[in-house]
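For reference, the chains in residue letters:
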Amino acid sequence: MKTKRLASFFTKKSHYRGEVDEKYRKCGLGVQKRTNGWTYEGQWKDGLRNGYGILYRKMADMELCEKIYVGDWKNNRKHGLGIKYFKDGKYLGFWSCGQRSGHGFMWFDNGDFYMGEWADDVYEGLGIMLYISGDRYHGEFHTGLKHGEGLYFHSRTGQLQRGHWCCGICKMGSIEDWNRNQVVYPTIYPLPEVKLGDFPEVFLAWMDKYAIHLHNGGQCKPEDITGFWSGSGLDAMLS
C-alpha cells in the first residue's frame, strides 16, 4: 500500500496543496491552482487527475469562480460520468478521453434540448432534438447532423415528416397531417386522404364500354384509351 503525506509546493504556473505519494507526486485528495485562474479540486493518482474532481475558472475582474466541469477523470482527461458547462449550454452524460461519448443530455441556453448518443464530442447514433419552437426530430445522427432515418414533427403546422436525411437535409420522404386541429398555426393546405373512391363500379363501367366497342369491330389504340375514360370517372381519378 502506497504511503501518502500532505504537501504544498509551487511551480512556475501553479500551486498544489494536498496529498502526495512517496515519489512526491500528487496522489489522493488535493487542490491545484494555476496562474491562469483555473483551479482543480479532487482526486489524483500518479501526478494526474484521476477519479472524481471539480474544475473551476476565475471570472474576469471578479473574485468569484464558475464551475467548468464536475465529474470523473482519467489521466488528466474527462472520462466517465460528468457535467460540463459550456458558453451556450450544459452537458450531462458520459465522456471518453476528454470527449462526449455514449449517452448524454445537452441543454442549450436558447431553449433547445438534445438527448441521445454521442461520439467524438458530437451527436452520433440515435437521438432526439427538441427545439424551442416546439418542433422535434427523432432519428439518426452522424457527425452532429441529422443523417439516416428520422421523424420531424412540425409543431406550428401540425404535420409529421418521415424521411431519410443526409448531412442535415431531408433527401426523400413523406409528410402527413398530425394533430392538426390542436396546433396554433395549422397549415392552410391540409393533405387530402389518398384513396380510390368507387373504383370497382367505375372500372366495370369502363370495361362495359370497351367490350361494346370491340363487339362492334373497333380496334383499340393507345391514343383511343382516353376516349373511354371520358364520362366514366376514371379521368378525374387518374388526373
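Conventions adopted
- Residues numbered from 1 in each chain as written.
- Predicted model: local features only at pLDDT ≥ 70, side-chain atom pairs only at ≥ 80, totals over all residues.
- Heavy atoms only, no water.
- Phe/Tyr/Trp six-rings, centres within 6.5 Å; stacked < 30°, edge-to-face > 60°.
- Buried < 20%, exposed > 50% of the residue type's maximum accessible area, 1.4 Å probe, protein only.
- Lys NZ or Arg CZ within 6 Å of the ring centre and 35° of its normal.
- Pairing = 2+ DSSP bridges.
- Helix = DSSP H or I, 4+ residues; strand = E, 2+ residues; numbered from the N terminus.
- Contact = heavy atoms within 4.5 Å.

Asker: Please clarify how the packing of aromatic side chains should be interpreted in this entry.
Answerer: Under the defined criterion, the tally for this structure stands at 20 aromatic pairs. Considering the side-chain rings of phenylalanine 9 and tyrosine 16, the 5.4 Å spacing of their centres and the 40° angle between planes classify their relative orientation as tilted. Taking 5.3 Å as the distance between ring centres and 85° as the angle between the ring planes, the aromatic pair formed by tyrosine 114 and tryptophan 118 counts as edge-to-face. Each member of the pair, tyrosine 114 as well as tryptophan 118, carries the same accessibility label: buried. The side chain of lysine 26 reaches across the aromatic face of tyrosine 16, ending 5.6 Å from its centre. Above the face of the tyrosine 69 ring, lysine 78 is positioned so that its terminal group lies 5.6 Å from the ring centre.

Asker: Please clarify how the pairing of strand E15 (residues 169-177) should be interpreted in this entry.
Answerer: Along any regular strand, the residues point their side chains to alternate faces of the sheet. Of the pairings in the sheet, the one linking strand E14 (residues 159-166) to E15 comprises eight bridges and is antiparallel in character. By the bridge assignment, glutamine 161 is partnered in E15 with isoleucine 175. Linking two consecutive strands that pair antiparallel, namely E14 and E15, is a turn of two residues; a positive phi of about 55° is found at cysteine 167 within it.

Asker: Explain the environment of glycine 47 here, please?
Answerer: Position of glycine 47 relative to the elements: it lies in the loop between strand E4 (38-45) and strand E5 (48-58). What makes glycine 47 partly exposed here is its relative accessible area of 21%. Ignoring any residue separated from it by four or fewer positions in sequence, one finds glycine 47 in contact with Arg25 and Lys26.

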